[in-house]
Amino acid sequence: MTVRVRFAPSPTGHLHVGGARTALFNWLFARGKDGDFILRIEDTDQTRSTEESIDQIKESLSWMGLTWDEYYRQTERSGKYEEKAELLLNKERVYEQEGALWFRIPDGESVLIDDLVLGKVNYETEDLKDFVIRRSDGTFTYNFACTIDDSEMDISHVMRGDDHLNNTPKQVLVYEALDIDPPKFAHFPMILGEDHKRLSKRHGATSVLNYRRKGILPEGLMNFLARLGWSHGDQEIFSPRELIEYFSLEAVGESSAVFDEEKLLWINHQWMKRKDPEELVNSLTKFLLEETPVSEVQLNKLDNTRLTKLTDHLRERNKTLRQLAKSSDFVFSRELDYDDTPIKEYLTEENGELVGELATRLEKLSEENFQSEKLEEITRDFLASRNKDLGDIAQVCRVGLTGREVSPGLFVTMELIGKDKVTNRLSRVAAITPT
Ligand code: GLU
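Residues numbered from 1 in each chain as written. Predicted model: local features only at pLDDT ≥ 70, side-chain atom pairs only at ≥ 80, totals over all residues. Heavy atoms only, no water.

1. Looking at the site of the ligand
Residues in contact with the ligand, as listed here, are Arg 6, Ala 8, Pro 9, Ser 10, Glu 42, Tyr 142, Cys 146, Arg 160 and His 164. Ser 10 is positioned such that a nitrogen or oxygen atom in its side chain is 2.8 Å from a nitrogen atom of the ligand. For the ligand, whose unbound accessible area comes to 300 Å², protein coverage reaches 81%. Looking at the shell around the ligand residue by residue, the classes come out as 4 nonpolar, 2 polar and 3 charged. (Near = heavy atom within 4 Å. Polar contact = N/O pair within 3.5 Å; in protein donor to acceptor, adjacent residues only side chain to side chain. Areas by Shrake-Rupley, 256 points an atom, 1.4 Å probe, with all protein chains shown as cover. Nonpolar A, V, L, I, M, F, W, Y, C, P; charged D, E, K, R; others polar.)

Structure, rendered in structure tokens:
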């Protein structure tokens, strides 16, 4: 059997993590089985659908790497729905009332759904009500358009959130009325917020593009979403390739998963540390422009190896691209925006003098020799000649150079900041009167 699955969002807002996980599970299933992944925009409700939302859905999916093989919009397909509605009207499975078309639920039948995730679920038709398939304004409703499309598009597996489970018996009855075999169904338990209520806007901004803005990597989000309700032994970190290889519906749990933002950050951090630093730099640029005073022109002029080195040293301590960019402000700011208080914590008359002299020595170094090994050698030789060691000045230098108590190694930090700023900042430290 050819696997053909679809992600069928209604374009009424942002793509949220719940929808993104549904899309991901469908995509993984298709890619792992050499099947097709179809993006179908369910925009028949024109009062709620917007073009902006369609764009955002596509952008979110593309950013996550969830490529689709076919693309449809339901508003372009009403001819098909019309044709099938006509057919059911002739068979008297559909009737007209007050300008709308209604599907007639047959009496005394059971509808058994053998769900690939939830198991067997039985419905009695006496508990179901006739439902509108075409509104009086001529537009078709979800349950009908979805069923016609799933059959016309040869969808083999309908996989979606379990908020649609109650729609499934209605859709199965439409297939039956049309003498069509229904596809297989798989419903995924909803994602819950940390308060164990269904994840919604109340839990903060949970849209995919919002996570992109926060500096989450697509690999990080994909990895995190995959683990919401699916597992593979106790492995936590999966590349997209591994996810495709390992994903199976049997390993999707029957109970709801809880959305834990801390875990997202942890997984993202693993991806920050794992990614090729050069690739990371590409995604970082936009955040540097937002979080530091660097301009686009300056950034373009910057030697890429320097940026790569910066990224490589800062990623140990930063879980998102935005945090990383923020923590690199000491490299890009002209003047550090802080007062002398933190420097004074470490400044003494004695080390202030040493720092001043060190600044003078470093000033003599050429730009191209301003590299960590060389800097370390000069600094250590100088300190040894005074019977001092690095511990005597390291922290006051660090704070003076970065405005922070924690930074990458002192000499790498100097190299990253560059000669002029280093000597200026160290001279400034030396000029402060200790208290
Ligand atoms: N348009 C529906 C939604 O966004 C799709 C449900 C389905 O996958 O059948 O929830």
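2. Side note on the nonpolar core
Counting 99 residues, the largest nonpolar core has Leu 221, Leu 225, Leu 249, Leu 362, Met 414 and Leu 426 as the members making the most contacts within it. Leu 426 has contacts with Val 355, Leu 358, Ala 359, Leu 362, Cys 397, Leu 401 and Met 414, leaving out every residue within four places of it along the chain. Among the nonpolar cores identified, the runner-up in size contains 30 residues, and Tyr 81, Phe 140, Ile 148 and Val 172 belong to it. (Core = buried A, V, L, I, M, F, W, Y, C linked by side-chain atoms within 4.5 Å. Buried < 20%, exposed > 50% of the residue type's maximum accessible area, 1.4 Å probe, protein only. Contact = heavy atoms within 4.5 Å.)

3. Some details on the sheet that holds strand β5 (residues 100–103)
Strand order in the open sheet formed by 3 strands is β4-β5-β8, and the pairing between neighbours is antiparallel. One side of each edge strand has no neighbouring strand; the edge strands of this open sheet are β4 (94–97) and β8 (131–134). Each adjacent strand pair in this sheet contributes to an overall mean axis angle of 45 degrees, direction not counted. Note that β5 and β8 share 3 bridges and pair antiparallel. (Pairing = 2+ DSSP bridges. Helix = DSSP H or I, 4+ residues; strand = E, 2+ residues; numbered from the N terminus. Axes fitted to C-alpha atoms, helices over the stretch in contact; angles between N-to-C directions.)

4. Examining the packing of aromatic side chains
Two aromatic rings, taken as a pair, are described by how far apart their centres are and by the angle between their planes. Under the criterion given, the structure shown has 11 aromatic pairs. Judged by centre distance (5.0 Å) and plane angle (90 degrees), the ring pair of Phe 25 and Phe 188 falls under edge-to-face. Pair noted here: Phe 25 is in helix α1 (residues 17–32) and Phe 188 is in strand β10 (residues 184–188), with a separation of 163 residues, a long-range link. You'll find Phe 25 and Phe 188 in the same group, each marked buried. One aromatic cluster is present, formed by Phe 25, Phe 188, Trp 230, Phe 238, Tyr 246 and Phe 247 through successive ring pairs. When the ring centre of Tyr 72 is taken as reference, the NZ or CZ atom of Arg 77 above it lies at 5.3 Å. In this arrangement the basic side chain of Lys 170 is found over the ring face of Phe 131, its NZ or CZ atom lying 5.7 Å from the centre. (Phe/Tyr/Trp six-rings, centres within 6.5 Å; stacked < 30°, edge-to-face > 60°. Lys NZ or Arg CZ within 6 Å of the ring centre and 35° of its normal.)

Everything listed is a geometric property; what it means functionally is a separate question.
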